[in-house]
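# Close look at the chain arrangement
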Amino acid sequence: MNGPFDLGTALDLTYLWIKAAHIIFVIFWIAGLFMLPRFYVYHQESTPGSVEEQRWIERERKLRNIIITPAMILVWVLGLTLAYITGAWTQGWFHAKFALVFLLSGYHGYMVGYGKKLAKGERKASGKALRIMNEVPGIATAIIVILVIVRPF
């Protein structure tokens, strides 16, 4: 673009700020995804219909709506912007990272859906299953960090 405003140049100048924001919102998102299954474990252990259960429902709703879902959206927006700026679309490590983030987003959706069912009184997953699900974000994050830093392919 030949004019007073060039989007490419503007994005290049703000690259480090975009990268910093991306990392910050990844931390928020993953921290929330670590917390959410644990909240569900405590929720399931509470007495159905109790004041304690209502408190867990509200905590879960706030965590989902105020922290992790907005953070996930910002991770996607900022990450796709970084991919555009750096031309990462042609690199193998990025394809693997993209696939893992896509799967992690699906996990996020599943966990949000499970929380809504749990709030309606449906307790389908065991506490043990939820504790195992709690490991998913950590494993995905470790692999993603290795892909981004080491770039093995």
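Residues numbered from 1 in each chain as written. Predicted model: local features only at pLDDT ≥ 70, side-chain atom pairs only at ≥ 80, totals over all residues. Heavy atoms only, no water.

## Observations regarding the overall build of the protein
On a plain count of helices and strands, the protein comes out with 6 helices and 0 strands. Listing every helix and strand of the protein by position from the N terminus yields α-α-α-α-α-α. Its C-alpha atoms give the protein principal-axis dimensions of roughly 65 × 35 × 20 Å. Burial statistics for the protein: of 153 residues in total, 35% are counted as buried. Counting contacts in the protein only where the partners sit at least 6 residues apart, residues at least 24 apart contribute 79% of the total. Summed over all atoms, the accessible surface of the protein reaches about 9,100 Å², with 70% contributed by carbon and sulfur. Here the protein contributes 16 positive and 9 negative side-chain charges, whose respective centroids are spaced 3 Å apart. (Helix = DSSP H or I, 4+ residues; strand = E, 2+ residues; numbered from the N terminus. Buried < 20%, exposed > 50% of the residue type's maximum accessible area, 1.4 Å probe, protein only. Contact = heavy atoms within 4.5 Å. Areas by Shrake-Rupley, 256 points an atom, 1.4 Å probe, with all protein chains shown as cover. Lys, Arg positive; Asp, Glu negative; His and termini not counted. Charge placed at Lys NZ, Arg CZ, Asp CG, Glu CD.)

## Details of the packing of aromatic side chains
Scanning the entire structure with this criterion turns up 10 aromatic pairs. Considering the side-chain rings of Tyr110 and Tyr114, the 6.5 Å spacing of their centres and the 25° angle between planes classify their relative orientation as stacked. On the criterion of helical spacing, the pair formed by Tyr110 and Tyr114 is a turn pair, its members being 4 residues apart in helix 4 (residues 92–119). The class for Tyr110 is partly exposed, based on a relative accessible area of 45%. (Phe/Tyr/Trp six-rings, centres within 6.5 Å; stacked < 30°, edge-to-face > 60°.)

## Quick notes on the environment of Arg61
Take Arg61: it is sitting in helix 3 (residues 51–86). Linking Arg61 and Leu11, residues 50 residues apart in sequence, is a C-alpha distance of 35 Å. There is a polar contact of 2.4 Å between the side chain of Arg61 and the side chain of Glu58. (Polar contact = N/O pair within 3.5 Å; in protein donor to acceptor, adjacent residues only side chain to side chain.)

## With respect to the pattern of salt bridges
Taken as a whole and judged by the stated rule, the model has 4 salt bridges. Note that Arg131 is salt-bridged to Glu45, the shortest N-O span being 3.3 Å. Of this pair, Arg131 sits in helix 5 (residues 127–133) while Glu45 sits in helix 2 (residues 15–45), and the two are 86 residues apart along the sequence. Looking at Glu45, the relative accessible area reads 55%, which means it is exposed. (Salt bridge = Lys/Arg side-chain N within 4 Å of Asp/Glu carboxyl O.)

## Focus: the nonpolar core
Residues Trp29, Leu33, Tyr40, Leu104, Met111 and Leu130 are the most contacted members of the largest nonpolar core, which totals 24 residues. Contributions of two or more residues to this core are made by helix 2, helix 3, helix 4, helix 5 and helix 6 (136–150). With 7 residues, helix 2 is the largest single contributor of residues to this core. If sequence neighbours within four positions are ignored, Leu130 has contacts with Pro37, Tyr40, Val41, Gln44, Met111, Tyr114 and Ala125. Judged by nonpolar contacts, the second largest core, of 5 residues, contains Leu11, Ile18, Leu82 and Ile85. (Core = buried A, V, L, I, M, F, W, Y, C linked by side-chain atoms within 4.5 Å.)

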